[in-house]
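Analysis of the macromolecular model
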Amino acid sequence: MSEFEQELRSWWARLVAWLHGDQRADTARKAKAAMQDLRDSDAARRAEAAIRDWREGEAGRRAEAAFRDLREGETARKAREALSDLRDSDAGRRAREALRDLRDSEAGRKAEAAFRDLRDGGATRDKS
């Protein structure tokens, strides 16, 4: 086992021990208390009021109208049509077929298994 692997295993063991220990519960209680103090503070109330005023004010209404116009406007319609055309085109069909072929290939299956192992934490999987 290399020095790096040994350090990584040692670090991982300390992390797991910390997560399962009493120190974690105490740290969680302290973090909750700190968050509650932050929420109850005068600065937090002022920030919340400022955000509410901004949302309900003229600038907020103008921003909402601009987003609505952008979503419902001519440019958005053209972009949706272009994406639909690309999806329905011969090039789009060929790209989907190529992705399907890659997914069904041996290399695709190996990559999928590797990602699954990473996600599930199965770093000790057989490398054959």
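Computed from a predicted model, the values in this text were never measured in an experiment. (Residues numbered from 1 in each chain as written. Predicted model: local features only at pLDDT ≥ 70, side-chain atom pairs only at ≥ 80, totals over all residues. Heavy atoms only, no water.)

With that settled, the discussion passes to the overall build of the protein. A tally of helices and strands in the protein yields 7 helices and 0 strands. In sequence order, the protein lays out its α and β elements as α-α-α-α-α-α-α. In terms of overall size, the protein is more extended than a compact globule, its C-alpha atoms giving a radius of gyration of 27 Å where 128 residues would be expected to give roughly 14 Å. Dimensions of the protein, computed from the C-alpha atoms along their principal axes, are close to 60 × 60 × 20 Å. Counting only residues that meet the buried cut, the protein has 5% of its 128 residues in that class. For the protein, the exposed surface amounts to about 11,500 Å²; the carbon and sulfur share of it is 56%. The protein carries 30 positive and 28 negative side-chain charges, and their two centres are separated by 1 Å. (Helix = DSSP H or I, 4+ residues; strand = E, 2+ residues; numbered from the N terminus. Rg over C-alpha atoms; globule rule 2.2 N^0.38 Å. Buried < 20%, exposed > 50% of the residue type's maximum accessible area, 1.4 Å probe, protein only. Areas by Shrake-Rupley, 256 points an atom, 1.4 Å probe, with all protein chains shown as cover. Lys, Arg positive; Asp, Glu negative; His and termini not counted. Charge placed at Lys NZ, Arg CZ, Asp CG, Glu CD.)

Taken together, the side chains of Phe4, Leu8, Trp11 and Trp12 make up a nonpolar region of the molecular surface, amounting to roughly 500 Å² of accessible area. Considering the arrangement of structural elements, one finds tryptophan 11 in helix H1 (residues 3–20). Overall, tryptophan 11 belongs to the partly exposed group, its relative accessible area being 43%. (Patch = residues over 30% accessible without salt bridge, like charges linked within 9 Å, V, L, I, M, F, W, Y side chains within 5 Å. Salt bridge = Lys/Arg side-chain N within 4 Å of Asp/Glu carboxyl O.)

A complete count under the given rule lists 1 aromatic pair for this structure. Between tryptophan 11 and tryptophan 12, the ring centres sit 6.3 Å apart and the planes meet at 50 degrees, which makes this aromatic pair tilted. (Phe/Tyr/Trp six-rings, centres within 6.5 Å; stacked < 30°, edge-to-face > 60°.)

Packing of helix H3 (residues 42–56) against helix H4 (residues 58–72) brings their axes to within 4 Å, and their N-to-C directions diverge by 55 degrees. With respect to H4, the axis of H3 lies oblique. Two secondary-structure elements touch here, H3 through Trp54, Arg55 and Glu56 and H4 through Glu58, Ala59, Gly60 and Arg61. Per-class residue counts for the contact of H3 with H4 are 2 nonpolar, 1 polar and 4 charged. (Axes fitted to C-alpha atoms, helices over the stretch in contact; angles between N-to-C directions. Parallel < 35°, antiparallel > 145°, perpendicular 65-115°, else oblique. Contact = heavy atoms within 4.5 Å. Nonpolar A, V, L, I, M, F, W, Y, C, P; charged D, E, K, R; others polar.)

Quick look at a positive patch on the surface now. Taken together, the side chains of Arg87, Arg93, Arg96, Arg100 and Arg103 define a basic patch exposed on the protein surface. The biggest single contributor to the positive patch is helix H6 (residues 90–104), with 4 residues. Among the structural elements, arginine 103 can be located in helix H6.

Scanning the entire structure with this criterion turns up 9 salt bridges. Salt-bridge contacts for arginine 52 lead to glutamate 48; the nearest nitrogen and oxygen are separated by 3.9 Å. Here glutamate 48 and arginine 52 lie together in helix H3, a separation of 4 residues that amounts to about one turn. For arginine 52, a relative accessible area of 38% translates into the label partly exposed. One salt-bridge network, in which partners are shared between bridges, spans Glu74, Arg77 and Glu81.

A separate point is the packing of H6 against helix H7 (residues 106–120). As a packed pair, H6 and H7 sit with axes 4 Å apart at the nearest point and diverge in direction by 70 degrees. The angle between H6 and H7 places the two elements in the roughly perpendicular class. Residues Leu102, Arg103 and Asp104 of H6 pack against Glu106, Gly108 and Arg109 of H7. Residue composition of the contact of H6 with H7, grouped by class: 1 nonpolar, 1 polar and 4 charged.

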